[in-house]
Amino acid sequence: MHYNILFCGEPMSGKTAFIERRITGNFKRDHAPKEERKTRMYDFYTNYGWMYLNLLEEDKPREDVDGLVYMINSRKPTEEYEKLLEMKVNTIVCTSMVDQKENRMACQAIRHNRY
């Protein structure tokens, strides 16, 4: 099964670090943001057979993908987050640095969307 998964969201929210850790197993604390965006392949075996993911990284969400991972690092939802709720694509919202008290998002601020 082949799927296109788009990682997008706020700057410095951990998109590249998350993808790199999935693929290489390493986490780089000294990551520097890059302008270059590329599609990374991530293959793994499940009980249902092989899964082939194309992991794309962009700044803005779009609907022509199979799934969307929206990364945020702010305490309250942004305007773009509100627009996600209207999109017709399965979406996961991830917050980074949640171990830091000032970055925790209130549970009431998170709304769910499933298409």
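Residues numbered from 1 in each chain as written. Predicted model: local features only at pLDDT ≥ 70, side-chain atom pairs only at ≥ 80, totals over all residues. Heavy atoms only, no water.

> Where do I start with the environment of threonine 91 in this structure?
Checked against the element boundaries, threonine 91 lands in strand E5 (residues 91-95). Among the residues examined, threonine 91 registers a relative accessible area of 18% and is labelled buried. Separated by 24 residues in sequence, threonine 91 and glycine 67 place their C-alpha atoms 6.0 Å apart. Side-chain polar atoms of threonine 91 contact the backbone oxygen of valine 89, separated by 3.0 Å. (Helix = DSSP H or I, 4+ residues; strand = E, 2+ residues; numbered from the N terminus. Buried < 20%, exposed > 50% of the residue type's maximum accessible area, 1.4 Å probe, protein only. Polar contact = N/O pair within 3.5 Å; in protein donor to acceptor, adjacent residues only side chain to side chain.)

> Looking at this model, I keep getting lost on the pattern of salt bridges. Mind explaining?
Here the structure, examined in full by the defined rule, presents three salt bridges. Put simply, glutamate 20 and arginine 40 hold a salt bridge, and the shortest N to O gap is 2.2 Å. Highlighted residues: glutamate 20 in helix H1 (residues 15-24) and arginine 40 in strand E2 (residues 40-46), separated in sequence by 20 residues. Here glutamate 20 falls in the partly exposed class, since its relative accessible area comes to 21%. With its nearest N and O atoms 2.4 Å apart, the salt bridge here joins arginine 62 to glutamate 58. Where salt bridges share partners, they join Glu58, Arg62 and Asp64 into one cluster. (Salt bridge = Lys/Arg side-chain N within 4 Å of Asp/Glu carboxyl O.)

> How should I be thinking about H1 in this particular structure?
Since the α-helix advances by 3.6 residues per turn, residues separated by three or four positions end up pointing in the same direction. For H1, the set of buried residues is Lys15, Thr16, Ala17 and Ile19. For H1, the elements touching its buried residues are strand E1 (2-9), E2, strand E3 (49-57) and strand E4 (67-72). Residue glycine 25 follows H1 closely and has a positive phi angle near 85 degrees. (Contact = heavy atoms within 4.5 Å.)

> Help me understand the side chain of threonine 16, please; the structure alone is not making it clear to me.
Topologically, threonine 16 is positioned in helix H1. A polar contact is formed between the side chain of threonine 16 and the side chain of glutamate 57, at a distance of 2.5 Å.

> Looking at this structure, I do not really get the packing of aromatic side chains. What am I missing?
Geometrically, a pair of aromatic rings is defined through the distance of the ring centres and the angle of the planes. Tallied over the full model, the rule gives four aromatic pairs. Members of the aromatic cluster, each reached through a chain of ring pairs, are Tyr45, Trp50 and Tyr52. We note arginine 22 situated over the ring of phenylalanine 18; from NZ or CZ to the ring centre the distance is 5.0 Å. (Phe/Tyr/Trp six-rings, centres within 6.5 Å; stacked < 30°, edge-to-face > 60°. Lys NZ or Arg CZ within 6 Å of the ring centre and 35° of its normal.)

> Help me out: how do you make sense of the nonpolar core in this one?
Nonpolar side chains in soluble globular proteins tend to be buried together. Core analysis: the biggest nonpolar cluster contains eleven residues, these being Leu6, Cys8, Leu56, Val65, Leu68, Tyr70, Ile72, Tyr81, Leu84, Met87 and Val89. Put simply, the parts of the chain that give this core at least two residues each are E1, E4 and helix H2 (79-84). Of all the elements, E4 adds the most residues to this core, at three residues. Counting seven residues, the second-largest nonpolar core is a separate cluster that includes Ile5, Ile19, Leu53 and Met71. (Core = buried A, V, L, I, M, F, W, Y, C linked by side-chain atoms within 4.5 Å.)

> In this structure, what is going on with the sheet that holds E4? I would like to understand it.
Sheets are built from strands that pair by backbone hydrogen bonding, the pairs being arranged parallel or antiparallel. A sheet is described by the order of its strands in space; here five strands give the open sequence E2-E3-E1-E4-E5, paired in mixed fashion. Among the strands making up the open sheet, the edge pair consists of E2 and E5. The sheet shows a mean angle of 25 degrees between the axes of neighbouring strands, direction not considered. With five bridges connecting them, E1 and E4 associate as parallel partners. Counterpart to glycine 9 in the pairing with E4 is methionine 71. Packing of H1 onto the sheet brings it into contact with E1, E2, E3 and E4, and relative to E2 it is tilted by some 45 degrees. (Pairing = 2+ DSSP bridges. Axes fitted to C-alpha atoms, helices over the stretch in contact; angles between N-to-C directions.)

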